[in-house]
Amino acid sequence: MKRYKDIFIDFDDTLYDTHGNAVIALHELFEAMELGQWFADPSVFYDEYWKANINLWRRYAKEEITREYLIVERFRYPLSFGKGLEPDEALCLQANDMFLDFCSSKPGLIDGACELVDDLQRKGYPLHLCSNGFHEVQYKKLEACGLAGRFDTVILSEDAGANKPSQQFFDYALRETGASRESTLMIGDNFETDILGAKRAGLGTAYFNRFPDYPAPEPVDYEVTSLRELIELIPLR
């Protein structure tokens, strides 16, 4: 592997098990809001939430919608399937606030996450977290999962004024970290947001492909299906 000097790494679903933790949080939300009185089948609420959430986050990354639109609509859509339930903005915001509280307290990490962070630090790499996640949530999740204070820099899209995969995000991250474009490796699980964005910005790319039946649609520097593979691949700084 080429020798790099800095590592940019995504947080959600690369290190932090965002999906797994959110599944638990959605069940807690369903119970806390007593949604069973409107949903005979809870799976309807869960399934429609994921459909909406995936689509909205994709649009948010492309800066087609605002943060405010996302946090309301990702709950308005699934709640609208409740029989007799009319989800106004206040109810959607209540659901969102409760959900984020539940989510941000969860400690679940992707298998190998701690080992990878430990290994990269042992090898002498400055680690820079790069995330589109919301400011008030990401720091809580870092505390909950035990990774707070493990990164030299935390770069969030709200601070950058742009989302991954935009060039503006990566240019901001390079300025803030003092990293060189040519000697920085970006590790992430989202091909479009993490990998294509970094590739277009001139960074090295390591695609953490959690669904190996669907390989990278275009060439990347490295493709792995587990974080532990990166431990073997990345040399001493």
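Data block above holds the structure.
Below, the structure is looked at part by part.

Criteria and cut-off values
- Residues numbered from 1 in each chain as written.
- Predicted model: local features only at pLDDT ≥ 70, side-chain atom pairs only at ≥ 80, totals over all residues.
- Heavy atoms only, no water.
- Helix = DSSP H or I, 4+ residues; strand = E, 2+ residues; numbered from the N terminus.
- Expected span 1.5 Å × (residues − 1).
- Buried < 20%, exposed > 50% of the residue type's maximum accessible area, 1.4 Å probe, protein only.
- Contact = heavy atoms within 4.5 Å.
- Phe/Tyr/Trp six-rings, centres within 6.5 Å; stacked < 30°, edge-to-face > 60°.
- Pairing = 2+ DSSP bridges.
- Axes fitted to C-alpha atoms, helices over the stretch in contact; angles between N-to-C directions.
- 1 Å grid on protein atoms, 1.4 Å probe; cavity = no way out; pocket = protein on both sides within 12 Å on 5 of 7 lines; lining within 4 Å.
- Points joined across faces, edges and corners; volume = space filled by probe spheres on them.
- Parallel < 35°, antiparallel > 145°, perpendicular 65-115°, else oblique.
- Nonpolar A, V, L, I, M, F, W, Y, C, P; charged D, E, K, R; others polar.
- Core = buried A, V, L, I, M, F, W, Y, C linked by side-chain atoms within 4.5 Å.

Below, the discussion takes up unusual backbone geometry. That bond from K164 to P165 is cis: its omega, 15°, falls within 30 degrees of zero. Looking at the secondary structure, you find P165 in the loop between α7 (157–160) and α8 (167–177). Located in the positive-phi region is D13, a residue other than glycine, with phi close to 65°. With respect to the helices, strands and loops of the structure, D13 is situated in the loop between β1 (6–9) and α1 (18–32).

Glancing now at helix α2 (residues 42–61). Look at α2: 29 Å from first C-alpha to last across 20 residues, which is about the 28 Å you get at 1.5 Å a residue. Of the positions making up α2, those classed as buried are F45, Y46, E48, Y49, W50, A52, N53, L56, Y60 and A61. Along its buried surface, α2 packs onto α1, α3 (67–79), α4 (89–104), α7 and α9 (191–200). One or two steps after α2, the chain reaches E63, where phi turns positive at roughly 60°.

Another point: the packing of aromatic side chains. With the rule as written, the count across this model stands at 16 aromatic pairs. For the ring pair F30 and Y46, a centre distance of 5.7 Å and an interplane angle of 55° mean the geometry is tilted. Of the two residues, F30 sits in helix α1 while Y46 sits in helix α2, which places them 16 residues apart along the sequence. Exposure class is identical for F30 and Y46. Each is buried. Ring centres of F191 and Y207 lie 5.1 Å apart, and the angle between their planes is 75°; on these two criteria the pair is classed as edge-to-face. Of the two residues, F191 is situated in helix α9 and Y207 in strand β5 (residues 204–208); the sequence distance between them amounts to 16 residues.

With that settled, consider the sheet that holds strand β4 (residues 184–188). Strand order in the open sheet formed by six strands is β3-β2-β1-β4-β5-β6, and the pairing between neighbours is parallel. For this open sheet the edge positions go to β3 (153–156) and β6 (222–224), each flanked by a neighbour on one side alone. Averaged over all neighbouring strand pairs, the angle between strand axes comes to 20°, with direction disregarded. Across three bridges, β5 lies against β6 in parallel orientation. Paired with A206 across the two strands is Y222, which belongs to β6.

Of the volumes computed, that of the largest pocket is approximately 1,200 Å³. Lining of the largest pocket is provided by 38 residues; of these, D12, D13, W57, D189 and N190 occupy positions nearest its centre. Those elements that place two or more of their residues in the lining of the largest pocket are α1, α2, α4, α6 (135–145) and α9.

In contact at an axis separation of 8 Å, α4 and α6 are set at 30° when each is read in the N-to-C sense. Relative to α6, the element α4 is oriented roughly parallel. Contacts from L100, D101, C103 and S104 in α4 reach V137, K140, K141 and A144 in α6. Within the contact of α4 with α6, the residues separate by chemical class into four nonpolar, one polar and three charged.

Time to look at the nonpolar core. With 30 residues, the main nonpolar core has L26, L29, F45, F75, L79 and F99 as its most contacted residues. Elements represented by at least two residues in this core include exactly α1, α2, α3 and α4. Looking at which element gives the most residues to this core, the answer is α2, with seven residues. Ignoring sequence-local partners within four residues, the contact set of L79 consists of L35, F39, F45, L85, P87, L91 and A95. Membership of the second largest hydrophobic core comes to 28 residues, among which are I110, L185, Y222 and I231.

Keep in mind these values describe shape, not function.
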